[in-house]
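# Analysis of the macromolecular model
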Amino acid sequence: MSFRAIAAERWRDEVAAELAGGARFAGGWASGTEWRIVLVDPDGAMRALRCAAVEGRVPTIVDLVPAADWDEREGHDLHGLGFEGHEPLRALVAHPQAAEAWMTPVDGDGVHEVAVGPIHAGVIESGHFRFHTIGERILAMDPRLFYKHRGLERAAEGNSPADALVYAGRACAACAVTNSVAYAQAVEDALGLAPDRDLRVARTLLLELERLYNHLHDIGALCAGVGSAPGTMAFATLKDRAQRINERVAGHRFLFRTVAVGTGALAIDADAADAARGALSELRADAAAAWRELEFAGSLQARLNGVGVLDTTTALRLGATGPAARAAGVPRDTRTESPRLWYGDSFTPAAPRAPTGDVAARLQLRAAELEASLELLDGLLIRPTPAGTTTTAAPPQPLGIARVESPRGATLAAVELARGRVTRLHLRTGSYANWPALAHAARGNLLPDFPLINKSFELCYACVDR
Amino acid sequence: MFALLRQLAHTRAEAGLSRGRPRSVALRHVDAGSCNGCEHELGLATSPRYDLERFGLEIAASPRHADVLLVTGPLTTRMATALRTAYDAMPEPRLVAALGDCALGCGILGDRAELAGALEDVLPIDIRIPGCPPAPQAIAEHLLVGLDELERGLTRR
């Protein structure tokens, strides 16, 4: 992959022309005094554009692509770039004291602010939410994240591509495989390496095992959001079973250390594949039975319809991705455009029964995806999977890019290399893309329904904060 | 709901959980920059297969009701104040448990400027729960053994 350089005065026109041609924004990052973005065509082909800042400033594209809002704010806070025309450029990663520096201004009679976090009442990640409410209704909500910012991207710089893998992989336990595969593929893209069949199969298998335990977790968490203890406990148990299968087949409950750069790191022999396939088949029957119970649980179902609606237009405008977007009627899934993986031409993303974009649709879609993942895994585990490797297919380039579908949506990894070292690593996860959509979906809803709406997106903080 | 309850009963029977000596200890968790692995496993430690509550160990919503502060993560600069506030809000006597390798200061990744330093330099650590992340069973065992040892140490003194 190489960059197309565009002068600042042409930046907005070029991006507008790309968007008019059907390209979508997939992420942006600063590198030195330059701003870079990735665009994706409808068929999944990616292009990287770069724009050198003039006196520290780049023209904004946020009015053309609202999905670039967080990227530009991060580019400012972490790398000091200015974005001409992005007004007001509120703090995102930085945590200034003054509320007006980071919060949406809301004013009027009877408007109250409700501050929640960074420490929450349950066992969840740290982050702050600021609600503006009238009575019980949410007028606006600002997520203030990055309490867990560890500077992982900066710390990765200067390492060899193999040594820098851990910074992507350990950014987030729940997306460890996705982030590692995205990083490894980005490096392989830069180095001109192509994966063989075995490596494609092994990584696909790992990604689906990750989706499996995440989706089971998310269904259970959603039950917790309405106080349905049997649903919460049943799906927590199913998730634990999936993680114990992970441990048996790959040696780790979160599948850590199963991905390497340029080669495979996990081989599954015939016995292990057979045992995993059997255990997954039992899990599948119990998960299906548990899901049927939830579908007929009136007190649960009554809480889901029409809550936390993300409509199709807003999902597209804000660049929502993954189950959240698919439940809103955006039938996109990076798995349909992943030639470096093993999904095949017949793979079609699960569709919701009705794309209502509410909590009900997101829950039901996850159940459908769960079934699809188990079907995929059943097919992949029929035979043993050697670790696989890569072969040289193209000359090396200084830039590598990859997109991988995480349990929460499309995750972009971009890697810049020079003299065998990583000079820049950028990870834009499915959660990062979806946080603005969650904040939007919360509007107009009851404040006590926010935990439920939040659980229905179930976004990570760790890989957003990095 | 009957199928769900049957599944849960099966899980309980399969796990063959012992009760152990009951106590009454409230835990409050603070994520000080974790990768979310410890949170996932701590969440499961309260699920039917492990059931931390059978020992009288429960997760409290507020540090004001907590006996033990369970800290995860490498302690980011941005969580340092919130962690201190939570600790200060706890009634005495209070304990701190470092949950996971990051909180124990092992193999921490990140930019030095974003990390506030070792947890044990900020708070006294009474119970150490190693692992990356520690599995639910390990969390339960380390908490119980750690509490036992502290109690013995106190009576000996």
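This is a predicted model, so every value here is computed, not measured.

On to the environment of Ser24(B). Turning to its location among the elements, Ser24(B) is positioned in the loop between helix H1 (2–15) and strand E1 (25–31). Counting along the chain gives 59 residues from Ser24(B) to Leu83(B), while the straight-line C-alpha distance between them is 23 Å.

All names here are of chain A. Taken N-terminus to C-terminus, the directions of helix H6 (residues 197–225) and helix H14 (residues 450–457) make an angle of 175°; their axes are 8 Å apart at the nearest point. Judged by the angle between their axes, H6 and H14 are roughly antiparallel. On H14, the residues that touch Ala 221, Leu 222, Ala 224 and Gly 225 of H6 are Pro 451, Leu 452, Lys 455 and Ser 456. Of the residues contributing to the contact of H6 with H14, the split by class is five nonpolar, two polar and one charged.

We now examine the environment of Ala202(A). All names here are of chain A. Inspection of the secondary structure assignment puts Ala 202 in helix H6. Residues Ala 202 and Pro 384, spaced 182 residues apart in sequence, show a C-alpha to C-alpha distance of 9.7 Å. Leaving out residues up to four positions away in the same chain, Ala 202 has contacts with Gly 264, Leu 266, Thr 385, Ala 387 and Gly 388.

Interhelical geometry of helix H7 (residues 229–250) of chain A versus H1(B) gives an angle of 50° and a closest axis separation of 10 Å. The orientation of H7(A) relative to H1(B) falls into the category oblique. As for the relative orientation of H7(A) and H1(B), their crossing is left-handed in sense. Across from Pro230(A), Gly231(A), Met233(A), Ala234(A) and Thr237(A) in H7(A), the residues of H1(B) making contact are Leu4(B), Leu5(B), Gln7(B), Leu8(B) and Thr11(B). Here the residues of the contact of H7(A) with H1(B) sort into six nonpolar, four polar and no charged.

All names here are of chain A. With 13 residues, helix H13 (residues 430–442) extends 18 Å from end C-alpha to end C-alpha; this agrees with the ideal 18 Å at 1.5 Å per step. Residue Pro 436 marks the point of greatest curvature in H13, where the axis turns by about 30°. The buried count for H13 comes to 11 of 13 residues, which makes it a mostly enclosed element. Within H13 the residues assigned to the buried category are Gly 430, Ser 431, Tyr 432, Ala 433, Asn 434, Trp 435, Ala 437, Leu 438, His 440, Ala 441 and Ala 442. Trailing H13 by a residue or two, Gly 444 shows a phi angle of about 80°, which is positive.

A word on the nonpolar core. Of all hydrophobic cores here, the largest spans 193 residues; its most connected members are Cys172(A), Ala186(A), Ala320(A), Ala413(A), Val415(A), Val71(B) and Leu99(B). The leading source of residues in this core is H6(A), at 14 residues.

Residue and element names in this part refer to chain A. Over its 13 residues, helix H1 (residues 8–20) runs 19 Å from end to end, which matches the ideal 18 Å to within 8%, given 1.5 Å per residue. Taken as a whole, H1 has its buried residues at Trp 11, Val 15 and Glu 18. Buried positions in H1, seen along its axis, are confined to an arc of 60° and lie on one side of it. In H1, the exposed positions that point more than 90 degrees away from the buried face belong to Glu 9, Arg 10, Asp 13, Ala 17 and Ala 20. Residues of H1 that are buried in the fold lie against strand E3 (34–40), strand E4 (46–52) and strand E5 (57–59). Looking at the residues trailing H1, positive phi occurs at Gly 22, about 100°.

Here Gly151(A) shows up in the loop between strand E9 (137–144) and helix H3 (152–156). Taking C-alpha positions, Gly151(A) is 31 Å from Glu337(A), a pair spaced 186 residues apart along the chain. Residues in contact with Gly151(A), not counting those within four places in the same chain, are Gly110(B), Asp111(B), Ala113(B) and Glu114(B).

This paragraph deals with the domain arrangement of chain A. All names here are of chain A. On domain assignment, one finds that chain A holds domain 1 (3–84), domain 2 (99–144) and domain 3 (152–427). Put simply, the middle of domain 1 and the middle of domain 3, counted by C-alpha atoms, are 27 Å apart. Between domain 1 and domain 3, the residue contacts involve 13 residues of the former and 12 residues of the latter. The set of elements that each furnish at least two residues to the side of domain 1 that touches domain 3 consists of strand E2 (24–31) and E4. Considering every element that reaches the side of domain 1 that touches domain 3, the biggest residue donor is E2, with five residues. Among the residues forming the side of domain 1 that touches domain 3, the class breakdown is nine nonpolar, three polar and one charged.

Conventions used here
- Residues numbered from 1 in each chain as written.
- Chains lettered and ligands numbered in written order.
- Predicted model: local features only at pLDDT ≥ 70, side-chain atom pairs only at ≥ 80, totals over all residues.
- Helix = DSSP H or I, 4+ residues; strand = E, 2+ residues; numbered from the N terminus.
- Axes fitted to C-alpha atoms, helices over the stretch in contact; angles between N-to-C directions.
- Parallel < 35°, antiparallel > 145°, perpendicular 65-115°, else oblique.
- Contact = placed C-beta atoms within 7 Å.
- Nonpolar A, V, L, I, M, F, W, Y, C, P; charged D, E, K, R; others polar.
- Left-handed = near helix turned anticlockwise from the far one by under 90°.
- Expected span 1.5 Å × (residues − 1).
- Bend = angle between axes of the 7 residues up to and from the residue.
- Buried ≥ 20, exposed ≤ 12 C-beta atoms within 10 Å, placed from the backbone.
- Core = buried A, V, L, I, M, F, W, Y, C linked by C-beta atoms within 7 Å.
- Arc of directions from axis to C-beta.
- Domains from an automatic or database assignment.

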